[in-house]
Amino acid sequence: MNYVRGLQCRECRAAYPVSPRAICEECFGPLEVTYDYEALRRESGPGSIVARGRSMWRYRELLPVEGAEILGLEVGYTPLVRATRLAERLGVDNLFIKNDAVNFPTLSFKDRVVSVALTKAREFGMTTVGCASTGNLANAVAAQGVRHGFDTCVLVPEDLEAAKIVGTTVYGARLVGVRGDYDQVNRLCSQIADRFGWGIVNVNLRPFYGEGSKTVGFEIAEQSGWKRPANLVCCMAGGSLLTKIGKAFDELALLGWIEGPKTKLYGAQATGCNPIVTAVKDGTGEIRPVKARTIARSLAIGNPADGHYAARAIKESGGWAEDVTDAEMVDGIRLLAETEGIFTETAGGVTVAAARKLIASGRIPRDQTTVLVITGNGLKTTDALASTAPVYPVIEPRLDAFERAIECTGRVSPGVPPSSGRIREDVLLSSGRSAPAAPLSSGRAL
Ligand SMILES: *Cc1c(COP(=O)(O)O)cnc(C)c1O
Ligand SMILES: [Zn+2]
């Protein structure tokens, strides 16, 4: 049941045994996990996994684990939901949301990568784990690290959102703020991994960590009836998630689990930190690092480790990339909430706003199926909406005060005499809503 072959350099193809390392000693290229696809093709198939538990670990043959113990057996298998109302607003026929805003346990897709990385840390006999994080990874390492009995040490840029700080320290994890940006935190973490031998999930455990992101692609394919969508939009920080979703679809096609044309990958970033989008648009695929200036803190990586590979995956798929301003991002958060009842963080706002632009410009055809990958939860970045805080009435606890209040918010037409405790149908109609589908006596809530 173990199909892992080893590690291989993505550039010079030098092979390494499975071990906590991420960089090729020959050429400094990134290392990647390789599998025995021949054996996988012979011995596995969709039929063998459908009866398994609903988590990302139902695809364990395609994940880089070798031991029996898996940490985070409940992570993943988030909903893929049809987004009819958002589709209407964006002017497309078939739109779906992959909703990792409700992932377990810390409400972002980072729960997946951490589950794999900690499983490997345990296999390697490590007792301390950590990460360099823009916020969500810190939450995921803290929660799962503590739960599985590791000492945890998380490093972040000092000026993160309050909810992401509290969402790390609440677990009792050690947190260190660094005066510097993410790229400086990451460099420090490389030195820490060398000095202390800790398992830094996105540094020396990075090849395994990255494989966890493939499960987003596996789930989308399975939840679509073992098909891949024509188009997929995903936000990018280091560029790993988008690259790995592409790898996931490629693997399933190679194994014969899915058929049909390649998914076009569309990458999204904030205009204030858009090195990968720039590399796609200028056609070079070469990353020129930037200084990040955006409220999308979870995407604020100026020198993305997998940026070059993400740009290449986008180009080879026939997709494109787009960036959006902070204001467009906030509009994207609102649009998703108002249409689909899904509250995403700034990163998800980037995805929705970029999708809107890509559809408007004709890059994403209106008649094809498109999946938006929503990666994180809006309750962690409520500050992003502070400048457009809602105005709402505050009243004395009396019915007449309530009636005045709803008149002035314009939800119910003024002058309707209150006849009973029930809101009459003509009131509902005049407020612009449709009449109830069932008689009031049926007990439906209005
Ligand atoms: C980390 C993160 C991303 C981007 O992940 P990469 O693999 O670094 O590109 C996207 N969305 C959210 C919410 C994240 O926390
Ligand atoms: Zn190499």
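Residues numbered from 1 in each chain as written. Chains lettered and ligands numbered in written order. Predicted model: local features only at pLDDT ≥ 70, side-chain atom pairs only at ≥ 80, totals over all residues. Heavy atoms only, no water.

A. Main features of the overall build of the protein. On a plain count of helices and strands, the protein comes out with 16 helices and 13 strands. A globule of 446 residues ought to have a C-alpha radius of gyration of about 22 Å, and the protein, at 24 Å, matches this closely. Overall, the C-alpha framework of the protein stretches about 80 × 50 × 45 Å when taken along its three principal axes. Among the 446 residues that make up the protein, the fraction classed as buried is 54%. (Helix = DSSP H or I, 4+ residues; strand = E, 2+ residues; numbered from the N terminus. Rg over C-alpha atoms; globule rule 2.2 N^0.38 Å. Buried < 20%, exposed > 50% of the residue type's maximum accessible area, 1.4 Å probe, protein only.)

B. Region of the structure containing the coordination of the zinc ion (ligand 2). Around the zinc ion (ligand 2), the donor atoms from the protein are Cys9 (SG), Cys12 (SG), Cys24 (SG) and Cys27 (SG), and they sit 2.2 to 2.3 Å away. Classification of the site at the zinc ion (ligand 2) rests on its four donor atoms, whose angles at the metal span 97 to 118 degrees, yielding the label tetrahedral. For the zinc ion (ligand 2), the single-chain donor residues occur in sequence as C-x2-C-x11-C-x2-C. Of this pair, Cys12 sits in the loop between strand S1 (4–9) and strand S2 (15–16) while Cys24 sits in the loop between S2 and strand S3 (31–35); the two residues are 12 residues apart in sequence, bridging distant segments of the chain. Judged by relative accessible area, which is 36%, Cys12 ranks as partly exposed. Classification of Cys24 by relative accessible area gives buried; the value is 1%. (Donors = N, O, S within 2.8 Å, 3.2 Å for Na, K, Ca; no water. Tetrahedral: all angles 85-135°; square planar, octahedral: opposite > 155°, others 65-115°.)

C. Fine view of the sheet that holds strand S7 (residues 151–157). Strands sit in the order S8-S7-S6-S9 across an open sheet of four strands; the sheet is parallel. Looking at which strands have only one partner, the edges of the open sheet turn out to be strand S8 (174–178) and strand S9 (199–200). Relative to S9, strand S6 (residues 128–132) runs parallel, the two sharing two bridges. Residue pairing in the sheet places Gly130 in a bridge with Ile200 of S9. Strand contacts of helix H5 (residues 136–147): S6 and S7, with the helix running at about 170 degrees to S6, the strand carrying the most contacts. Against the sheet, helix H7 (residues 182–196) makes contact with S6, S7, S8 and S9, and its axis sits at roughly 150 degrees relative to S7, the strand it touches most. (Pairing = 2+ DSSP bridges. Contact = heavy atoms within 4.5 Å. Axes fitted to C-alpha atoms, helices over the stretch in contact; angles between N-to-C directions.)

D. Expanded view of the nonpolar core. Formed by 98 residues in total, the largest nonpolar core has its most connected members in Leu86, Val201 and Leu232. The two domains that each donate at least three residues to this core are domain 1 (47–73 + 110–210) and domain 2 (80–105 + 213–384). Ignoring any residue separated from it by four or fewer positions in sequence, one finds Leu232 in contact with Ile220, Ile245, Phe249, Thr263, Lys264, Leu265, Tyr266, Val371 and Val373. With 25 residues, the next largest nonpolar core counts Ile200, Val203, Ala347 and Ala353 among its residues. (Core = buried A, V, L, I, M, F, W, Y, C linked by side-chain atoms within 4.5 Å. Domains from an automatic or database assignment.)

E. Region of interest: the site of ligand 1. Neighbouring residues of ligand 1: 16 residues in total, closest Lys110, Gly238, Gly239, Leu241 and Thr375. Within the side chain of Thr375, an N or O atom sits 2.7 Å from a nitrogen atom of ligand 1. Surface burial for ligand 1 is 97%, taken as the share of its 380 Å² of free accessible area covered by protein chains. Residue classes in the shell around ligand 1 are distributed as seven nonpolar, seven polar and two charged. (Near = heavy atom within 4 Å. Polar contact = N/O pair within 3.5 Å; in protein donor to acceptor, adjacent residues only side chain to side chain. Areas by Shrake-Rupley, 256 points an atom, 1.4 Å probe, with all protein chains shown as cover. Nonpolar A, V, L, I, M, F, W, Y, C, P; charged D, E, K, R; others polar.)

F. Quick peek at the pairing of strand S12 (residues 320–324). In terms of burial, S12 is a largely internal element, five of the five residues being buried. Along S12, one buried face is formed by Trp320, Glu322 and Val324 and the opposite face, lined by Ala321 and Asp323, is buried too. As paired elements, strand S11 (residues 264–270) and S12 share five bridges and run parallel to each other. Opposite Ala270, over in S12, you have Val324 as the bridge partner.

G. Inspection of the packing of helix H9 (residues 214–223) against helix H10 (residues 240–254) at higher detail. For the pair H9 and H10, the least separation of the axes is 7 Å and the interaxial angle reads 50 degrees. Relative to H10, the element H9 is oriented oblique. Crossing geometry of H9 relative to H10 is assigned as right-handed. Counting all contacts with H9, which are made through Lys214, Val216, Gly217, Phe218, Ile220 and Ala221, the residues of H10 involved are Leu241, Lys244, Ile245, Lys247, Ala248, Phe249, Glu251 and Leu252. Within the contact of H9 with H10, the residues separate by chemical class into nine nonpolar, one polar and four charged. (Parallel < 35°, antiparallel > 145°, perpendicular 65-115°, else oblique. Left-handed = near helix turned anticlockwise from the far one by under 90°.)

H. The environment of Leu254, seen in detail. Mapped onto the elements, Leu254 comes out in helix H10. It is 33 Å that separates the C-alpha atoms of Leu254 and Leu86, two residues lying 168 residues apart in sequence. Leave out the neighbours within four places in its chain, and Leu254 touches Tyr37 and Arg41.

I. The arrangement of a nonpolar patch on the surface in detail. On the surface, a cluster of nonpolar side chains totalling about 340 Å² of accessible area is made up of Val146, Val166, Val170 and Tyr171. Inspection of the secondary structure assignment puts Tyr171 in the loop between helix H6 (162–169) and S8. (Patch = residues over 30% accessible without salt bridge, like charges linked within 9 Å, V, L, I, M, F, W, Y side chains within 5 Å. Salt bridge = Lys/Arg side-chain N within 4 Å of Asp/Glu carboxyl O.)

J. Structural context of the confidence of the model for the protein. Looking at the protein, the pLDDT average stands at 91 and 91% of residues meet or exceed 70. Confidence, read as mean pLDDT per element, is least for helix H16 (residues 425–430) in the protein (37) and greatest for S11 (99). (pLDDT = per-residue confidence, 0-100.)

K. Structural detail: the packing of aromatic side chains. Inspection of every chain in the model, using the stated rule, returns five aromatic pairs. Residues Phe196 and Trp198 carry aromatic rings whose centres are separated by 4.9 Å and whose planes lie at 25 degrees to one another, so their mutual orientation is stacked. Judged by its relative accessible area of 18%, Trp198 is buried. One Lys or Arg, Arg10, reaches over the ring of Tyr309 and ends 4.1 Å from the middle of that ring. Directly above the aromatic system of Phe150 lies the positively charged group of Arg122, at a separation of 4.5 Å from the ring centroid. (Phe/Tyr/Trp six-rings, centres within 6.5 Å; stacked < 30°, edge-to-face > 60°. Lys NZ or Arg CZ within 6 Å of the ring centre and 35° of its normal.)

L. Layout of the side chain of Ser317. Inspection of the secondary structure assignment puts Ser317 in helix H12 (residues 307–317). Among the polar contacts made by the side chain of Ser317, one reaches the main-chain carbonyl oxygen of Ile314 at a distance of 2.8 Å.

M. Spotlight on unusual backbone geometry. In this chain, Phe104 is followed by Pro105 through a cis amide linkage whose omega measures 0 degrees. Turning to its location among the elements, Pro105 is positioned in the loop between strand S5 (94–99) and helix H4 (110–123). You will see that Leu107, though not glycine, has its phi angle at about 65 degrees, which is positive. Among the secondary structure elements, Leu107 is positioned in the loop between S5 and H4. At Trp226, a residue that is not glycine, the phi angle is positive and equals roughly 55 degrees. You can see Trp226 is positioned in the loop between H9 and strand S10 (231–235). Taking relative accessible area as the criterion, Trp226 reaches 18% and is therefore assigned buried.

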